[in-house]
Amino acid sequence: MDWNKFNTLSFRLLLSLAISIILCASLSGYHTYVSANHQMEGNKEELQHVTETAVAIFPQLGYRG
């Protein structure tokens, strides 16, 4: 096998480009995951608040459940 082709400048540039793309995609995916998780927690707290409000209002509307 000819190992000299792995020492060329073009191979090194392509390898660097591939590593950069993989790193950027990984960081972007992680950021998306963290943002979505944060948004989901916010939605969970909002849903809990709305549910508590509805449960507090039901007796005033004559709902006995």
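Here's what I pulled together on the structure shown here. It should be emphasised that the depicted structure is a prediction, and the values quoted were computed from it without experimental measurement.

**Topic: the overall build of the protein**
Then, in step 1: The helix and strand tally for the protein stands at one helix and zero strands.
Then, in step 2: Its C-alpha atoms give the protein a radius of gyration of 27 Å, clearly above 11 Å, the size a compact globule of 65 residues would have.
Then, in step 3: Residue burial in the protein is summarised as follows: out of 65 residues, 0% are buried.
Then, in step 4: Per element, the accessible surface of the protein, about 6200 Å² overall, is 66% carbon and sulfur.
Then, in step 5: Taking the average location of the 4 positive side-chain charges in the protein and that of its 5 negative ones, the two points are 10 Å from each other.

**Points about a nonpolar patch on the surface**
Then, in step 1: There is a patch of nonpolar side chains on the surface, built from Ile57, Phe58, Leu61 and Tyr63 and spanning about 430 Å² of accessible area.
Then, in step 2: A relative accessible area of 39% means that Phe58 is categorised as partly exposed.

**Some thoughts on the packing of aromatic side chains**
Then, in step 1: By the definition in use, this model includes one aromatic pair.
Then, in step 2: Taking 5.1 Å as the distance between ring centres and 80° as the angle between the ring planes, the aromatic pair formed by Phe6 and Phe11 counts as edge-to-face.
Then, in step 3: Look at Phe6 and you get partly exposed, because its relative accessible area is 28%.

**Quick word on the environment of Tyr63**
Then, in step 1: Residue placement: Tyr63 occurs in the segment after helix H1 (9-57).
Then, in step 2: On the basis of relative accessibility, which here comes to 51%, the residue Tyr63 falls in the exposed class.

The rules we used
- Residues numbered from 1 in each chain as written.
- Predicted model: local features only at pLDDT ≥ 70, side-chain atom pairs only at ≥ 80, totals over all residues.
- Heavy atoms only, no water.
- Helix = DSSP H or I, 4+ residues; strand = E, 2+ residues; numbered from the N terminus.
- Rg over C-alpha atoms; globule rule 2.2 N^0.38 Å.
- Buried < 20%, exposed > 50% of the residue type's maximum accessible area, 1.4 Å probe, protein only.
- Areas by Shrake-Rupley, 256 points an atom, 1.4 Å probe, with all protein chains shown as cover.
- Lys, Arg positive; Asp, Glu negative; His and termini not counted.
- Charge placed at Lys NZ, Arg CZ, Asp CG, Glu CD.
- Patch = residues over 30% accessible without salt bridge, like charges linked within 9 Å, V, L, I, M, F, W, Y side chains within 5 Å.
- Salt bridge = Lys/Arg side-chain N within 4 Å of Asp/Glu carboxyl O.
- Phe/Tyr/Trp six-rings, centres within 6.5 Å; stacked < 30°, edge-to-face > 60°.

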